[in-house]
Amino acid sequence: MASRFWTQGDSDTEEEESDYDEQEDNVAVETTTATAASRYYSGNASDSDDSDGQKRVVRRVKDKRFDELSATVDQMKNAMKINDWVSLQESFEKINKQLGKVMRVTESDKPPNLYIKALVMLEDFLNQALANKEAKKKMSSSNAKALNSMKQKLKKNNKLYEDMINQCREKPELFEEKVEEQESEDDVESDTSEYPDNLESEESDDEEETGNDAETGSGWEKMLSKKDKMMDKQFKDPSQITWDTVNKKFKEIVAARGKKGTGKMELVEQLTFLTRVAKTPAQKLEILFSVVSAQFDVNPSLSGHMPINVWKQCVQNMLAILDILTQYSNIVVDDMVEPDENETQKGADFSGTIRIWGNLVAFLEKVDVEYFKSLQVIDPHTREYVERLKDEPLFLVLAQNVQEYLEKVGDTKGASKVALKRVELVYYKPQEVYDAMKKLAELDSGDAESGEEKVQEIRGPTAFVATPELVPRKPTFPENSRALIDILVSLIYKYGDERTKARAMLCDIYHHAIFDEFSTSRDLLLMSHLQDNVQHMDISTQILFNRAMSQLGLCAFRAGLVLEAHSCLSELYSAGRVKELLAQGVSQSRYHEKTPEQERLERRRQMPYHMHINLEFLEAVHLACAMLLEVPNMAANVHDAKRKVISKNFRRLLEMSERQTFTGPPENVRDHVMAATRALRHGDFDKAFTVIKSLDVWRLLRNKDSVLEMLKAKIKEEALRTYLFTYSSAYDSLSLDHLSKMFDLSDAETRSIVSKMMINEELHASWDQPTGCIVFHDVEHTRLQALAFHLTEKVTVLAETNERAMEARFGGGGMEGLPLRRKDGQDYAGAAASGGGGGRWQEFSFNQNRQGSSGGRGGYTISGRASAPGLASSGFSRDRQARLGRAYHTGSGARGGQSDGSARMVNLNRGVRT
Amino acid sequence: MASKYDLTPRIAPNLDRHLVFPLLEFLQERGLYPEEDILKAKIELLNHTNMVDYAMDIHKSLYHSDDVPQDMIDRRAEVVGRLKALEDGAAPLIGFLQNPNAVQELRADKQYNLQMLNDRYQIGPEQIDALYDYAKFQFECGNYSGAADYLYQYRALCTNSDKSLSALWGKLAAEVLMQNWDIALEELNRLKEIIDSKNFSSPLNQVQSRIWLMHWSLFIFFNHDNGRTQIIDLFNQDKYLNAIQTNAPHLLRYLATAFIVNKRRRPQFKEFIKVIQQEQYSHEDPITEFLACIYVNYDFDGAQKKMKECEEVILNDPFLGKRIEEGNFTTVPLRDEFLENARLFIFETYCRIHQRINMGVLADKLNLNYEEAERWIVNLIRTSKLEAKIDSNLGTIIMEPSYTNVYEQLIDHTKALSTRTYKIVHQLLENAPGQTAR
């Protein structure tokens, strides 16, 4: 950027240039300040292009005066650059004249900031020129004369504005902030070099930056302007820097943190500069910690996220911290005790322990949160999102290193927390995605290293405490994600706290479910008793639980376990708030207006797009399962359809679709399933399957063909059952061959299905073995008989109510055995699961007692999964067959309590309908 | 093929070294594996025990030579030396115990006994601990009866509950190895009580102890007369069933077998079928699969095939395939019993869903020939286990449909109500004055 200025200057003093190299660099930067400032004053954005050939535009007098003023300042700068004191003197006189005009126009008694700055600049330059005796000697006589007169004039002049100048020197920001606020965003160079705080503009400049480390690095170097110049001065001579000076400066900077007017970005730069001049490793570490926390401060709001390049820088700093920690194992990081004031004075050769304040885990978690937030905010359909996703290995490597370090130090609790963060980044990835990430990490680290080198080059020369890169910069991944997860979760189960363990367990379940290991993940879920405790956990864990449940449901479906799949998913769909429960978008409800507060909270919980579970697919699976269960169920209970409802949601949809006078061709998932249901109810399995198959969500399945095959078989089976339920009363006998042909099933399958129905007394018939026929018995109750049965049932309920009332009044009385849970007797799944035996719920309540007594809360002590495979706690109780399928309502704030008493249990009977 | 269902590798880790011997003996007899492998396994096993002489013998027969490796000889010397040392350590107490007069002085009060021993015979805690070590060493040497005696006496005197527990384990092992099934059963129950009541440091340990206990108990249950009902009592308890499901699904085989040969266990049996269904994925076993075929899939052809496999499995299982020599031919009682009951299971279920069955087909399904089948069925009908008639002209069995009358059902449903209501009213009247009086 300096080059542009060089070309402008008429270079008559070439040999002198070399002497001023360093100074002039600074000057060049300063010039930009001024130009930028002048642009502000010029007020008209269209005019503020870099080009000097300005168009003539009619302007207000005030503007015109300002323009003149700034033009003069420009002239002065040019003059400074070539060390031309003669023209500088002229300009100085001119600017003083112009000042009078400007003051008149603005009618203020205060000189414009621009002027003051120019004075400051001049003074600095003058001092420099005077200090440089050698250069002075070389000057031409006229030049030297001008310099001397300038000195005197300036002295006299500056006395008038002494106050302002001092102010300007002390707080250049004051003189800048104004500029910054109104600065238009068009000028790329001045923005990046001068106003890193101006985040938006920086981001819009992404084309230039493209997140490249190297370039940001150089950008950073440029940023060490003004203030750092002072620091540079202070620390110009490496030999003069002592621990004390650095420490003092450090304290000073840290004290400025959070104060009004302290540029957050500037703070970071200054601290970064300090890390280079730090005297001892401990000191460097201390400063690095401050750098990182200062970087966290850069992001001003809770909902926004940290700028990506700052994030990356932050990760690099963290890695540097780890480098130091690995190199000097005697340095201990602790956030419990306030360390000694001069602890960091101890040098590299000090052998005792040095305590530094800091908390690696907290930092890492913050880094993770920022990453997560950025993914939430960035539009998932842009390239930016993809780019951002590619940063994941960077975080993983950091997490891995932190974890290793913590393990080495013996902070297992912290290590388990970090391990959880890693798990949470991996658990939702199918093997393909995992492989891709692995490959990316391998490729990427090559690039990163070269970028790294550049950065190193830039800071290289001045760093006193050089830290070699000890910790690996490249994440290592085991061959498959299962192995990685296994290692991590077993660590967490061993050392983690309750919440960490619960989350790890959920991730584990989720991951098993993705990998089609239904039984394993179900056992994990049941053994950990997460279902019982999850409503006491924080919302984000509940969301994770819901996610795991839905993934488990999908897994069950893929495995052909319709009943299980349905019980996993039904709760999610019972309230129609799937989006909210899975945190995949905000659902609008007609009845509850959300306060902005709730809405903001909800927005903050959202899952990033790449972690979403496809909602359409989920719905398709749920409805297909509901259809398979509900259609034969409805056929079996034609007389009192309301009694046994398996899926309320499905029933409602069916009613709605039946109410329509005209049914068009199916459009969405629901329409498809409804169309299939209509076909299935007539026993037309072929049409039902074709309609279901035409859903294009099935393409999301990895083993699409086999799953569809399974679905077809299930549809056939249920069609047969429905047929038998509906039409058995019309037949006296049915031949096996006929049935098999009708439903395209093998004889053995048909026989097995029908036998099952007979045993379960769903079908009153028996086989006639020699002829291969089903002979139906006429045991269908007459209307009168059916009503009589109904009556007895009602009477029983009445008696039970009486007993309960008694019990409530007098307590106990030998009726403990009577179940109390009848009133919400939605034992539908149970009823479906065990055809005849309506006693399911009783069993359930016993189960609970049992589980209570056996080993109490066994917690998640599935410990040692790696070492001793499958050793599980005794907390695992027999209720395995019961209760799977409870999604928790993450209810937003006030509505949480409202989600009624719907914590019903849903039986998951692993078996076939017995 | 036959070794596919051999559970020895899965059972052995849960047994004491010495208890594995009978299993290996059995395998050797059956010839499932090459003889050499088994002998090698035996030496491996013996290396960590003190039965050096035995190991030497095996070594000789394995390599067909009279040379014995030097380390075995060294080990023998070491063992003998250590035995002497331990014997000396425990001598005072053993001397005391062998003196019947002195033993008479012992009373039921443990504290008193300890005090008395200490005062009068100068036998302190060290000597008592020495007795434990000595007993353990005896056990390691294969002197089970001695070990059992000493351990019994040790338990009477010891105060350390942990050591007492391991002494009990030792005693159990010794009794099992001596085939004193009655005493072993007593010890087993004692151990079970301790395991259930004791506070273990972690639930994991408790589960592990239970699993051990179940494995060890297999010896007893399949040899004791009453064992087959007791195995159900033990294994089918919730805690134990959980342990099986989590850690040792192979034990389901034994429970399943016990259920099959025990007819009177219907209610639990239904529950058990559910467990089998759940565990199908984790463990493959013909016997459990047989049950799954009949009660889950209603696949009678499959069940029939499985039955044959089951026979094989039973013959090759060290616990199930116990032989009894009668005269000059051997029988495996459990096999016959199993097959008989399995047949009954198939037939029962089959009959429930049929109204007419061809005898020929049935005979086929039951692995019987026609006459046998007919005799068998006639027997069932005569003992009124089956309500059916044989149509010998057509060669079919005709089931009598048995449906409860609708009216009977209604009466059933309502019968209890009146008594219940009466009870309530009674209670109400009883309580009401009390209420007002208060």
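Criteria and thresholds
- Residues numbered from 1 in each chain as written.
- Chains lettered and ligands numbered in written order.
- Predicted model: local features only at pLDDT ≥ 70, side-chain atom pairs only at ≥ 80, totals over all residues.
- Heavy atoms only, no water.
- Helix = DSSP H or I, 4+ residues; strand = E, 2+ residues; numbered from the N terminus.
- Buried < 20%, exposed > 50% of the residue type's maximum accessible area, 1.4 Å probe, protein only.
- Contact = heavy atoms within 4.5 Å.
- Areas by Shrake-Rupley, 256 points an atom, 1.4 Å probe, with all protein chains shown as cover.
- pLDDT = per-residue confidence, 0-100.
- Phe/Tyr/Trp six-rings, centres within 6.5 Å; stacked < 30°, edge-to-face > 60°.
- Lys NZ or Arg CZ within 6 Å of the ring centre and 35° of its normal.
- Pairing = 2+ DSSP bridges.
- Salt bridge = Lys/Arg side-chain N within 4 Å of Asp/Glu carboxyl O.
- Axes fitted to C-alpha atoms, helices over the stretch in contact; angles between N-to-C directions.

A. The overall build of chain B, seen in detail. In terms of regular secondary structure, chain B is built from 22 helices and 5 strands. Among the 438 residues that make up chain B, the fraction classed as buried is 49%. For chain B, the share of sequence-separated contacts (at least 6 apart) that also reach a separation of at least 24 residues comes to 59%. Working note: accessible area of chain B is about 21,900 Å², and carbon and sulfur atoms make up 49% of it.

B. Structural context of the confidence of the model for chain B. Within chain B, residue pLDDT values average 80, and 94% of them lie at 70 or more. Here the prediction assigns the complex a pTM of 0.66, and the interface score ipTM is 0.72.

C. Molecular detail of helix 13 (residues 227-235) of chain B. Buried within helix 13 of chain B we find B:Gly227, B:Thr229, B:Ile231, B:Ile232, B:Leu234 and B:Phe235. Tucked inside the fold, the buried residues of helix 13 of chain B contact helix 11 (181-197), helix 12 (203-221), helix 14 (238-247) and helix 15 (252-261) of chain B.

D. Highlighting unusual backbone geometry. Phi is positive for A:His529, which is not a glycine, with a value near 55°. Relative to the elements of secondary structure, A:His529 occurs in the loop between helix 26 (518-528) and helix 27 (530-533).

E. Representation of the packing of aromatic side chains. Per the counting criterion, the structure on display carries 25 aromatic pairs over all chains. Taking the centre distance of 6.1 Å and the plane angle of 90° together, the rings of B:Trp169 and B:Trp212 count as edge-to-face. Here B:Trp169, found in helix 10 (residues 161-178), pairs with B:Trp212, found in helix 12; they are 43 residues apart in sequence, far enough to count as distant. According to the relative accessible area criterion, B:Trp212 is partly exposed, its value standing at 35%. Consider the rings of B:Phe269 and B:Phe345, whose centres lie 5.4 Å apart with planes at 10°: the pair is stacked. You can see B:Phe269 sitting in helix 16 (residues 266-279) and its partner B:Phe345 sitting in helix 19 (residues 333-352), a full 76 residues away along the chain. Side by side, B:Phe269 and B:Phe345 carry an identical accessibility label, which is buried. Through a chain of ring-to-ring contacts, three or more aromatic side chains come together here, namely B:Phe259, B:Phe269, B:Phe272, B:Tyr295 and B:Phe345. A:Arg388 extends its terminal NZ or CZ atom over the ring of A:Trp311, reaching a point 4.3 Å from the ring centre. Across the ring face of B:Tyr240, the terminal group of B:Arg210 is positioned such that the distance to the ring centre comes to 5.2 Å.

F. Inspection of the pairing of strand 4 (residues 388-391) of chain B at higher detail. Residue and element names in this part refer to chain B. Bridging between strand 4 and strand 5 (residues 396-399) involves 4 bridges; their strand directions are antiparallel. For Ala388, the partnering residue across the bridge sits in strand 5 and is Met399. In textbook terms, the turn of a hairpin is the stretch between consecutive antiparallel strands, and for strand 4 and strand 5 this stretch comprises 4 residues, one of which, Gly395, has a positive phi near 70°.

G. Region of interest: the pattern of salt bridges. In this structure the tally under the stated criterion is 40 salt bridges over all chains. The closest approach of N and O atoms between A:Asp391 and A:Arg388, which form a salt bridge, is 2.8 Å. Taken as a pair, A:Asp391 and A:Arg388 share a single burial class, namely buried. For A:Glu800, the salt bridge is made with B:Arg420, and the minimal N-O distance between the two is 3.9 Å. With one member in each of two chains, A:Glu800 in helix 39 (residues 783-810) and B:Arg420 in helix 22 (residues 406-437) form a pair that bridges those chains. The exposure class of A:Glu800 is buried, given its relative accessible area of 16%. One network of salt bridges, with partners in common, ties together A:Asp368, A:Lys421, A:Glu424 and A:Arg503.

H. Summary view of the sheet that holds strand 4 (residues 765-768) of chain A. On the basis of which strands lie adjacent, the open sheet formed by 6 strands has the order 3(A)-5(A)-4(A)-3(B)-5(B)-4(B) and mixed pairing. At either margin of the open sheet sits one strand with a lone partner, and together these are strand 3 (733-735) of chain A together with strand 4 of chain B. Here the average twist between neighbouring strands, direction ignored, is 20°. Each of strand 3 (354-358) and strand 5 of chain B is contacted by helix 19 of chain B, which is oriented at about 125° to strand 3 of chain B, the strand it contacts most.

I. Broad picture of the confidence of the model for chain A. Residues and elements named next belong to chain A. In the predicted model, chain A carries a mean pLDDT of 69, and 63% of its residues have values of at least 70. Between residues 1-55, whose pLDDT stays under 50, and residues either more than four places distant or in other chains, the model counts 66 contacts. Scored below 50 in pLDDT, residues 448-463 shows 13 contacts in the model against residues more than four places distant or in partner chains.

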